[in-house]
Amino acid sequence: MKARSRVLLGLDVVTLLVMAAATYMVFIYAPVERTMGLVQKVFYFHVAAGWTGMLGFLAAVVAGIAYLATRKSSWDLVGLGAIEIGLVFALINIITGSIWARPIWNTWWTWDPRLTTATIMELVYAAYLMLRQGIEDPERRARFGAVYAIVGFISVPLTFFSIRIYRTIHPVVIGGGDPTVSGSFSMTPAMGATFGVALVAFSFLFASLLWHRIRLGQLGAQVEQLKLKLMH
């Protein structure tokens, strides 16, 4: 396997720096929200994690289309890695949302449209990982994964727009117009800047993790090839 390239090393360094900057801005630079207090700072990680999860699922769609067009196994590896990372960050989004909800809604969980659709989305992609494990033929597995990633993406915009389509207690902080919803607040310029940096930081983190996951998958494929040679 090739050593880590300078580009990947540079990406890792930039990711580390921008994540450190985002953490500093969240806990030091951004003001404490007057009504919710310190718990509001979960918002930055909560939304950024959700954004990263959706980036992963979108990347899987692109990889799925590319695989169906080219039949190159490398695209299947990209799609698999993107969904694995997306699942982790979507779960982080749900967990941090519960942490934020407890003092604001006085409950860890409620079957609100946003929480319900987010759970469905998580289950849809968890099923992807389980179902593809039952397919032994690599080509059929890759084809199934590509089609599933494309069709399963329907759950992503449904989750994103659920708080704008249905009546919900979940706040719409970005572009929201209902200040009476529990947890709603108006962002100050400092909050907006912090939010933007957090999104950029998590985007870099996603790119770095995906690249490393692809390298790990390539190493796994090489190991499998060596096993086959030894068996024959």
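As shown above, the structure is provided for reference.
Presented here is a report on the structure given in the accompanying data block. None of the values given here were measured: they were computed from a predicted structure.

Moving on, we get to the overall build of the protein. Check the secondary structure of the protein and you find 7 helices and 0 strands. The proportion of buried residues among the 232 residues of the protein is 44%. Long-range contacts, defined here as pairs at least 24 residues apart, represent 76% of the contacts in the protein between residues at least 6 apart.

As a further point, take the environment of Glu-122. Position of Glu-122 relative to the elements: it lies in helix H4 (residues 113-133). Owing to a relative accessible area of 13%, Glu-122 belongs among the buried residues under this scheme. As for Glu-122 and Val-88, which are separated by 34 residues in sequence, their C-alpha atoms are 9.2 Å apart. The residues touching Glu-122, leaving out its near neighbours within four places in the chain, are Leu-87, Ala-90, Leu-91 and Ile-94.

Looking now at the pattern of salt bridges. Scanning all chains against the criterion turns up 3 salt bridges. Note that Asp-76 and Arg-132 form a salt bridge whose closest N and O atoms lie 3.0 Å from each other. Of the two residues, Asp-76 sits in helix H3 (residues 73-105) while Arg-132 sits in helix H4, which places them 56 residues apart along the sequence. Given the relative accessible area of 15%, Asp-76 is considered buried. On the basis of relative accessibility, which here comes to 4%, the residue Arg-132 falls in the buried class. Across the pair Glu-139 and Arg-143 runs a salt bridge whose closest N-O atoms are separated by 4.0 Å. Within this pair, Glu-139 and its partner Arg-143 are both found in helix H5 (residues 138-152), separated by 4 residues, close to a single helical turn.

Tyr-44, Phe-57, Ile-83 and Tyr-125 are the most contacted members of the largest nonpolar core, which has 42 residues in total. Among the elements of the structure, helix H1 (6-29), helix H2 (42-70), H3, H4, H5 and helix H7 (189-231) are those that each provide at least two residues to this core. For this core, the element with the most residues is H3, which contributes 10 residues.

Helix length check: H1, at 24 residues, gives a terminal C-alpha distance of 32 Å against a target of 34 Å (1.5 Å per residue), a fit within 8%. Buried residues along H1 sit against H2 and H7.

Let us now look at the packing of H4 against helix H6 (residues 155-165). Running from amino to carboxyl end, H4 crosses H6 at an angle of 170°, the nearest separation of the two axes being 8 Å. Between H4 and H6, the interaxial angle falls into the category roughly antiparallel. Facing H4, whose interface residues are Pro-113, Arg-114, Thr-117, Ala-118, Met-121, Val-124 and Tyr-125, H6 presents Ser-155, Val-156, Leu-158, Thr-159, Phe-160, Ser-162 and Ile-163. For the contact of H4 with H6, a count of residues per class yields 9 nonpolar, 4 polar and 1 charged.

The terminal C-alpha atoms of H3, which comprises 33 residues, lie 46 Å apart, in line with the 48 Å expected from a rise of 1.5 Å per residue. Downstream of H3 by a residue or two, Asn-106 has a phi angle that is positive, lying close to 65°.

This paragraph deals with the packing of H2 against H3. The N-to-C vectors of H2 and H3 enclose an angle of 160°; their axes lie 7 Å apart at closest approach. Our classification of the angle between H2 and H3 gives roughly antiparallel. Relative to H3, H2 is oriented so that their crossing is left-handed. Residues that form the contact of H2 with H3 fall into these classes: 20 nonpolar, 12 polar and 1 charged.

A word on unusual backbone geometry. The phi angle at Arg-71 is positive, at roughly 65°, despite the residue not being glycine. Residue position: Arg-71 is located in the loop between H2 and H3.

For Ala-49, the position within the fold is in helix H2. Among the residues examined, Ala-49 registers a relative accessible area of 0% and is labelled buried. Sequence-distant contacts of Ala-49, that is, excluding residues within four places in its chain, are made with Phe-89, Ala-90, Ile-92, Asn-93 and Phe-202.

Thresholds applied
Residues numbered from 1 in each chain as written. Predicted model: local features only at pLDDT ≥ 70, side-chain atom pairs only at ≥ 80, totals over all residues. Heavy atoms only, no water. Helix = DSSP H or I, 4+ residues; strand = E, 2+ residues; numbered from the N terminus. Buried < 20%, exposed > 50% of the residue type's maximum accessible area, 1.4 Å probe, protein only. Contact = heavy atoms within 4.5 Å. Salt bridge = Lys/Arg side-chain N within 4 Å of Asp/Glu carboxyl O. Core = buried A, V, L, I, M, F, W, Y, C linked by side-chain atoms within 4.5 Å. Expected span 1.5 Å × (residues − 1). Axes fitted to C-alpha atoms, helices over the stretch in contact; angles between N-to-C directions. Parallel < 35°, antiparallel > 145°, perpendicular 65-115°, else oblique. Nonpolar A, V, L, I, M, F, W, Y, C, P; charged D, E, K, R; others polar. Left-handed = near helix turned anticlockwise from the far one by under 90°.

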